[in-house]
Amino acid sequence: MLLGDLPPGEKWRNFELKALGLRDFARVRIDQPLNPFELARFANLLVIRFDQIEGLSDSAREHLLGVASEDWSGGACSLPNGMKLVILNPTHGRSRTNATLMEEICHVFLGHQPNRLSIVTRDDRGKVMNRDYRRADEEEAYAVGAAALVPYASLKKMLLEGRSSKEIGLHFRVSSELVQYRMKVTHLWREFKDSAVNS
Ligand SMILES: [Zn+2]
């Protein structure tokens, strides 16, 4: 691998290498979209649909899919057999779901230990959220997951070709916001923001 294939900064270089390891494991080429649902099976993650949950009252179901649907993207818990169960919010689109599931997969692959009790905290935008892992682990899982979905070398190549963040998002099946987040953390933002956002 050439050094130019990795983003600047030791921290982000390490995240990128872990993400590339995940892609290697999934045998998906660097310029191809990664399907987290296929990867989940290797990670011992059992992904179930919301409508498969039994014992939820109608009002709870209505609440979670209605007024509260923006407050959660997914939930995970451990099963006695060592597998992890993930439930994804069915009201969120596929690109958002891909990022959520990828984060859960990364927690498993990176060996993060969940907090014994999930912590209710506020995110950067002041929104209340549940935190199941240490803050540093949450950052790493999200960052590595996003890097696995949109690898730096491919992102840079597509930006050089003049592709927009929306087009890149469609190609990798993620939101244009995630593409822009990747551009910012890998220092591609300043150089390419105009062509990526306006075209
Ligand atoms: Zn997490």
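The structure under discussion appears in the preceding block.
As the structure is a prediction and not an experimental result, all values here were calculated from the model.

Draft legend 1. Quick peek at the nonpolar core. Grouped together as the largest cluster of nonpolar side chains are 38 residues, with contacts concentrated most on M102, I105, L155, L159 and M183. Examining the composition of this core, we find that seven residues originate from one element, helix α5 (residues 135-149), more than from any other. Not counting residues up to four positions away in its chain, the partners in contact with M102 are L22, L34, P36, L39, G145, A148 and L149.

Draft legend 2. Spotlight on the packing of aromatic side chains. Using the criterion set out here, one finds five aromatic pairs in the structure. Between F50 and W72 the ring centres are 5.7 Å apart and the planes differ by 40°, which places this aromatic pair in the tilted class. Note that F50 is positioned in the loop between β1 (45-48) and α3 (58-65) and W72 in the loop between α3 and β2 (74-78), a separation of 22 residues in sequence. F50 sits in the buried class, given a relative accessible area of 5%. Counting every residue linked through ring pairs, the aromatic cluster contains F25, F42 and F109. Against the face of W189 rests K184, its NZ or CZ located 4.6 Å from the ring centre.

Draft legend 3. Structural detail: the sheet that holds β2. Strand order in this open sheet of three strands is β1-β3-β2, and the pairing throughout is mixed. Whereas interior strands pair on both sides, the edge strands pair on one side only; in this sheet they are β1 and β2. Along the sheet, successive strands turn relative to each other by an average axial angle of 20°, direction set aside. Sheet topology note: the β1/strand β3 (residues 84-88) ladder contains four bridges and is parallel. Bridge pairing in β3 links L46 to L85.

Draft legend 4. Expanded view of the environment of N89. With respect to the secondary-structure elements, N89 resides in the loop between β3 and α4 (94-109). Judged by relative accessible area, which is 2%, N89 ranks as buried. For N89 and R49, which are 40 residues apart along the polypeptide, the C-alpha to C-alpha distance reads 8.3 Å. When residues no more than four places from it in sequence are discounted, the contact partners of N89 are L64, L65, S69, W72, S73 and T97. A distance of 2.9 Å separates a polar side-chain atom of N89 from the backbone oxygen of S69.

Thresholds applied
- Residues numbered from 1 in each chain as written.
- Predicted model: local features only at pLDDT ≥ 70, side-chain atom pairs only at ≥ 80, totals over all residues.
- Heavy atoms only, no water.
- Core = buried A, V, L, I, M, F, W, Y, C linked by side-chain atoms within 4.5 Å.
- Buried < 20%, exposed > 50% of the residue type's maximum accessible area, 1.4 Å probe, protein only.
- Helix = DSSP H or I, 4+ residues; strand = E, 2+ residues; numbered from the N terminus.
- Contact = heavy atoms within 4.5 Å.
- Phe/Tyr/Trp six-rings, centres within 6.5 Å; stacked < 30°, edge-to-face > 60°.
- Lys NZ or Arg CZ within 6 Å of the ring centre and 35° of its normal.
- Pairing = 2+ DSSP bridges.
- Axes fitted to C-alpha atoms, helices over the stretch in contact; angles between N-to-C directions.
- Polar contact = N/O pair within 3.5 Å; in protein donor to acceptor, adjacent residues only side chain to side chain.

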